[in-house]
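The primary structure of each chain is shown beneath.
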Amino acid sequence: MRFRAKIVDLACLNHFSRVINTIAKLAKTCTLCLTDSKLYFILSDKVVNGGVSMWCELCQGNFFDEFQMEGVAAEHNEIYLELVPENLSRALKTAQSAKAVKIKLTNKHCPCVRVAVELPSLSSSSRIVTHDIPVGVIPRRLWNDFREPSVPDFDVSIYLPVLKTMKSVVERMKNLSNSIVIEANLSGEMNLKIETDLVSVTTHFKDLGNPPWALEDGCQSSAQGRDLESMAEARIDIKKLQQLLAGQQVNPTKALCNIVSKRIVHFILLHEDVSLQYFIPALA
């Protein structure tokens, strides 16, 4: 099992750092899956326990100048590691003006991901700062726990409003209640609602648009044949939503959400070379 990679391009390095910062805000620990073409950051709290899950996918070719890996076996050319993303995020903070960053899997005293940051220096020799981040190697028999979650059979799929706007609305609402209702329809309308004994507040968004698949024939969704005006809704933990919005450092080119009434809200944030899916289960 071997892995080594190198980033020389500063723009790629900063972009990679932003992705890792976002993940660090969303998950205390997560699973990193390495394949020869992609990296996946996976959080799979069991939704039955009210946990959120996350699936973030990166094409390694868009970030790394060099990338070599050998998986556990030829027919299973993958590596699954458990790590604390905050540690990786911290290591990359020292790399903001680096000439190069090398990342490799080592096993001195315990399995580690070693991040070696080559910093510019005035003399001919360069300075190298090394961070060893402990990781757990996940055995082959558990890999099936980390498959991509299937897109739920949603009632409504809708594009999200500008995330900064949505974030400031949710920030204000979170002082009033622990939960928030997200509702949307197939006419591009979405409401964020707070209802408590003392107060009820609703923010309306219009003309957001619905992704083409939301109305396609033969689409797997239960949106088919649905009245365009009727709202699908789910009540979710407002802190989990705020965490998703506050953590965003990769400005997505497209952001949308799928609502399965009273069951789950599935967010998809897409950037040219990164896709992040985030599932927040509905509260009873």
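Values in this document were obtained by computation on a predicted structure and should not be read as measured data.

### Observations concerning unusual backbone geometry
With phi around 55 degrees, D207 is a residue other than glycine that occupies positive phi space. Relative to the helices and strands, D207 is located in the loop between β14 (200-205) and β15 (232-237). Although it is not a glycine, K262 adopts a positive phi angle of roughly 60 degrees. By the secondary structure assignment, K262 is in the loop between β16 (254-260) and β17 (264-271).

### Brief notes about the domain arrangement of the protein
As assigned here, the protein comprises domain 1 (2-145) and domain 2 (156-281). The distance between the C-alpha centroids of domain 1 and domain 2 comes to 30 Å. Each partner contributes to the interface: domain 1 provides 20 residues, whereas domain 2 provides 18 residues. Taken over both partners, the interface formed by domain 1 and domain 2 buries close to 1700 Å², and the fraction arising from carbon and sulfur atoms is 59%. Seen at the junction of domain 1 and domain 2, the total is six residue pairs in polar contact (both at pLDDT 80 or more). Broken down by class, the residue content of the side of domain 1 that touches domain 2 amounts to 10 nonpolar, seven polar and three charged.

### Overview of the sheet that holds strand β7 (residues 100-107)
An order of β5-β1-β7-β8-β9 is seen for the five strands of this open sheet, with the pairing classed as antiparallel. Unpaired on one side and paired on the other, β5 (66-70) and β9 (127-134) mark the two borders of the sheet. This sheet shows a mean twist of 15 degrees between the axes of neighbouring strands, independent of strand direction. Where β7 meets strand β8 (residues 111-119), eight bridges bridge the pair, whose relative direction is antiparallel. If you follow K104 over to β8, its bridge partner there is R114.

### Here we look at a positive patch on the surface
On the surface, R4, K102, K104 and K108 cluster together to form a positively charged patch. With respect to the secondary-structure elements, K108 resides in the loop between β7 and β8. The class for K108 is exposed, based on a relative accessible area of 63%.

The rules we used
Numbering of residues starts from 1 in each chain and follows the order in which that chain's sequence is written. In keeping with the predicted nature of the model, local features appear solely for residues at pLDDT of at least 70, side-chain atom pairs appear and are counted solely at 80 or more, and the whole-chain, interface and lining totals rest on all residues. Heavy atoms throughout the structure, all of them, feed into the side-chain values; hydrogens and water do not. In DSSP terms, a helix is any run of H or I states spanning at least four residues, a strand is any run of E spanning at least two, and both are numbered starting from the N terminus. Note that the domain bounds reflect an automated or database-derived domain assignment. Should any heavy atoms of two residues lie within 4.5 Å, those residues are considered in contact. Two parts placed together each lose some accessible area under a 1.4 Å probe, and adding up what both lose gives the buried area. Within 3.5 Å is the distance limit for a polar contact, defined as a pair of N or O atoms, with the added protein rule that one can donate a hydrogen and the other accept it, and that residues adjacent in sequence qualify only through two side-chain atoms. Here the nonpolar group is Ala, Val, Leu, Ile, Met, Phe, Trp, Tyr, Cys and Pro; Asp, Glu, Lys and Arg are the charged ones; every other residue, Gly included, is treated as polar. Only strands that DSSP links by at least two bridges are regarded as paired with each other. Every axis in this analysis is a line fitted to C-alpha atoms, fitted for helices over the stretch in contact. Angles between the N-to-C directions lie between 0 and 180 degrees. Each patch is built from residues lacking any salt bridge and having more than 30% relative accessible area; the joining distance is 9 Å for like charges and 5 Å for nonpolar side chains (Val, Leu, Ile, Met, Phe, Trp, Tyr). Calculation of accessible area relied on Shrake-Rupley with a 1.4 Å probe; when residues are assessed, cover is drawn exclusively from the protein chains displayed. Any carboxyl oxygen of Asp or Glu that lies within 4 Å of a side-chain nitrogen of Lys or Arg is treated as forming a salt bridge with it. Neither His nor the chain ends contribute to the count of charged residues, in which Lys and Arg are positive and Asp and Glu negative. Charge positions come from single atoms, namely NZ of Lys, CZ of Arg, CG of Asp or CD of Glu. For every residue, the accessible area (1.4 Å probe, protein chains only) is compared with the maximum for its type, and the residue is labelled buried under 20%, exposed over 50%, or partly exposed between those bounds.

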